[in-house]
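# Reading the structure
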Amino acid sequence: MNGEAPFVPDERDRALMLATQEGLPLAVRPYHALAERLGWAPEEVFARLARLHAVGVIRRIAAAPNHYALGYVANGMSVWDVDDEYVDDLGRWLAEQGEVSHCYRRPRAPPLWRYNLFAMFHARERVEVERAVASVAALLAARFPGAVRAHEVLFSSRILKKTGVRLDF
Amino acid sequence: MRERRPATLDDLDRQLLWALQDDLPLCERPFAVLATGLGVSEEEVLQRLRRYLAEGIVTRFGPFFQVERMGGAFCLAAMAVPEERFDEVTVAVGAFPQVAHNYRREHALNMWFVLAATRPEGIVETARAIENAVSLPVWLFPKEREYFVRLRLRP
């Protein structure tokens with residue numbers, strides 16, 4: 001992903017991460033509650049969390065909202081078959097569009113799968129996603145003529161699992 | 001877990017659900033910091049957050065781990081699951097702790113899931129284990145490049 005050497009968590013980092021993977025204790029002093037659970041001094045919990053955060057092993061401590069519950073019931077994975085020469089330009093451009101939540105270049109798997117660029121769109125209605133994707137497609141066609149050979153949107157029709165990352169240490 | 005109808009949210013819910021998607025401060029009473037920003041009590045913030053989790057409005061509250069920074073990997077994967085086997089395969093795939101989330105999508109490839117492993121080999125090993133468990137091929141779509149975006153959902 002980037003050139004940095006991986007951060008190797010030690011045994012106590014791992015214990016701390018495993019203790020939080022189901023979630024942070026919902027207490028007035030959550031980090032103290034965590035320390036108590038681990039039998040550690042609170043200072044160690046703060047110091048290790050700060051370090052894991054600083055090195056990027058923890059991205060943020062936050063809520064994972066259910067898209068559906070917040071009204072974002074239309075969840076569309078737009079996939080694009082883009083000329084390899086232009087895919088990075090298009091990817092950077094797509095990522096800047098307001099409705100896009102993730103944007104990745106991925107390998108094709110011919111003949112089953114021709115697409116090499118993926119961008120997720122979330123909206124309150126399917127038609128809004130379709131409109132956003134159509135508008136992006138038109139802008140792309142104008143900006144990078146001929147670069148997009150095909151695209152489609154795969155809507156999610158059911159959430160089958162959403163537990164987030166479980167650490168397989 | 002199933003898809004669900006949009007929850008009924010009041011103004012404070014909307015503000016709080018927005019704020020909760022930001023990084024929680026690393027301090028003794030982080031919910032008090034949030035509460036002050038919203039002009040409510042710390043207990044109100046905690047009660048609402050507990051309710052969001054109980055009702056599935058928030059699926060998890062805690063650290064988001066970037067397994068790639070520890071030398072691990074994420075990978076998008078997909079399968080073409082025959083309709084009559086869909087429920088059975090959903091259960092089998094869901095049983096793997098490396099499967100972080102899984103969605104049914106409308107396509108010949110109708111099951112799309114994300115694998116997360118703390119060792120890079122964990123991705124292919126898990127994909128092979130899933131193939132053995134369900135006797136269907138797993139297609140891996142590793143990311144070759146990420147174009148950075150960060151979306152917060154406006155409730």
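Residues numbered from 1 in each chain as written. Chains lettered and ligands numbered in written order. Predicted model: local features only at pLDDT ≥ 70, side-chain atom pairs only at ≥ 80, totals over all residues. Heavy atoms only, no water.

- In the annotation of an unreviewed UniProt entry, the entry for chain B reads siroheme decarboxylase, and the organism field reads Tepidiphilus thermophilus.
- Taken verbatim from the UniProt record of chain B, the Catalytic activity (unreviewed entry) comment is "siroheme + 2 H(+) = 12,18-didecarboxysiroheme + 2 CO2". (UniProt positions renumbered as here; feature names shortened; annotations may be inferred.)

- Under an unreviewed UniProt entry, the name given to chain A is siroheme decarboxylase, and the organism recorded is Tepidiphilus thermophilus.
- The UniProt entry for chain A carries this comment under Sequence similarities (unreviewed entry): "Belongs to the Ahb/Nir family."
- Word for word, the UniProt comment on chain A under Catalytic activity (unreviewed entry) is "siroheme + 2 H(+) = 12,18-didecarboxysiroheme + 2 CO2".

## A word on the layout of surface pockets
- Taken as a whole, the largest pocket encloses approximately 1,400 Å³ of empty space.
- Among the elements of the structure, strand S1 (58-65), strand S2 (74-82), strand S3 (100-105) and strand S4 (117-123) of chain A together with strand S1 (58-65), strand S2 (73-79), strand S3 (99-105) and strand S4 (111-117) of chain B are those that each provide at least two residues to the lining of the largest pocket.
- Across the lining of the largest pocket, the residue classes tally to 27 nonpolar, 11 polar and 9 charged. (1 Å grid on protein atoms, 1.4 Å probe; cavity = no way out; pocket = protein on both sides within 12 Å on 5 of 7 lines; lining within 4 Å. Points joined across faces, edges and corners; volume = space filled by probe spheres on them. Helix = DSSP H or I, 4+ residues; strand = E, 2+ residues; numbered from the N terminus. Nonpolar A, V, L, I, M, F, W, Y, C, P; charged D, E, K, R; others polar.)

## Examining helix H3 (residues 42-55) of chain A
Residues and elements named next belong to chain A.
- With 14 residues, H3 extends 20 Å from end C-alpha to end C-alpha; this agrees with the ideal 20 Å at 1.5 Å per step.
- Val 45, Phe 46, Arg 48, Leu 49, Leu 52 and Val 55 are the residues of H3 that are buried.
- In this structure, the buried side of H3 is in contact with helix H1 (11-20), helix H2 (30-38) and S1.
- One or two positions beyond H3, positive phi appears at Gly 56, with a value near 95°. (Expected span 1.5 Å × (residues − 1). Buried < 20%, exposed > 50% of the residue type's maximum accessible area, 1.4 Å probe, protein only. Contact = heavy atoms within 4.5 Å.)

## Focus: the UniProt feature "domain: Siroheme decarboxylase NirL-like HTH" (unreviewed entry) in chain A
- Within this structure's numbering, the places UniProt gives as "domain: Siroheme decarboxylase NirL-like HTH" (unreviewed entry) are residues 13-59 of chain A.
- This span, residues 13-59 of chain A, is 66% helix and 4% strand, and a straight line between its end C-alpha atoms measures 15 Å.

## Considerations on the interface of chain A and chain B
- Contacts between the two partners involve 86 residues from chain A and, on the opposite side, 82 residues from chain B.
- Each partner contributes to the roughly 8,200 Å² buried at the junction of chain A and chain B, and carbon and sulfur atoms together form 60% of this total.
- On inspection of chain A and its partner chain B, the count reaches 5 salt bridges.
- Across the pair Arg 126 of chain A and Glu 106 of chain B runs a salt bridge, and its minimum N-O distance is 3.3 Å.
- Taken together, the connections running from chain A to chain B amount to 42 residue pairs in polar contact (both at pLDDT 80 or more).
- Of the residues in the side of chain A that touches chain B, the class split is 48 nonpolar, 20 polar and 18 charged.
- When strand S5 (residues 148-162) of chain A meets S3 of chain B, the two strands line up antiparallel, connected through 5 bridges. The residue of S3 of chain B that forms the bridge with Arg 158 of chain A is Arg 104 of chain B. (Buried area = accessible area lost by both parts, 1.4 Å probe. Salt bridge = Lys/Arg side-chain N within 4 Å of Asp/Glu carboxyl O. Polar contact = N/O pair within 3.5 Å; in protein donor to acceptor, adjacent residues only side chain to side chain. Pairing = 2+ DSSP bridges.)

## Thoughts on the environment of Ala 109 of chain A
- Structurally, Ala 109 of chain A is set in the loop between S3 and S4.
- With residues up to four places along the chain from it excluded, the contact list for Ala 109 of chain A reads Trp 139 and Phe 141 of chain B.

## Comments concerning the packing of aromatic side chains
- Counting across every chain of the model gives 9 aromatic pairs over all chains.
- Where Phe 118 of chain A meets Phe 141 of chain B, the ring centres are 6.1 Å apart and the plane angle is 50°; that geometry is what we call tilted. Taken together, the positions of Phe 118 of chain A in strand S4 and Phe 141 of chain B in strand S5 (residues 139-141) put the pair across two chains. Assigned by exposure class, Phe 118 of chain A and Phe 141 of chain B land together as buried. (Phe/Tyr/Trp six-rings, centres within 6.5 Å; stacked < 30°, edge-to-face > 60°.)

## Side note on the UniProt feature "domain: Siroheme decarboxylase AsnC-like ligand binding" (unreviewed entry) in chain A
- Within the UniProt annotation, "domain: Siroheme decarboxylase AsnC-like ligand binding" (unreviewed entry) is assigned to residues 70-161 of chain A.
- With 29% helix and 39% strand, the stretch residues 70-161 of chain A has end C-alpha atoms that lie 18 Å from each other.

## What to know about the nonpolar core
- Core analysis: the biggest nonpolar cluster contains 61 residues, and Trp 113 of chain A together with Phe 31, Phe 61, Trp 112 and Phe 141 of chain B have the highest contact counts within it.
- When residues in this core are grouped by element, the largest group, 5 residues, is from H3 of chain A.
- Apart from the residues within four sequence positions on either side, Phe 61 of chain B is in contact with Gly 23, Leu 24, Leu 26, Ala 62 and Ala 63 of chain A together with Leu 20, Leu 24, Phe 31, Leu 49 and Leu 53 of chain B.
- Counting residues in each nonpolar core, the second largest holds 25 residues, with Ala 74, Leu 94, Val 100 and Val 129 of chain A among its members. (Core = buried A, V, L, I, M, F, W, Y, C linked by side-chain atoms within 4.5 Å.)

## Some remarks on the UniProt feature "domain: Siroheme decarboxylase AsnC-like ligand binding" (unreviewed entry) in chain B
- Per the UniProt entry, the sites bearing "domain: Siroheme decarboxylase AsnC-like ligand binding" (unreviewed entry) are residues 75-146 of chain B in this numbering.
- Counted over residues 75-146 of chain B, helix gives 32% and strand 33%. Its end C-alpha atoms are 12 Å apart.

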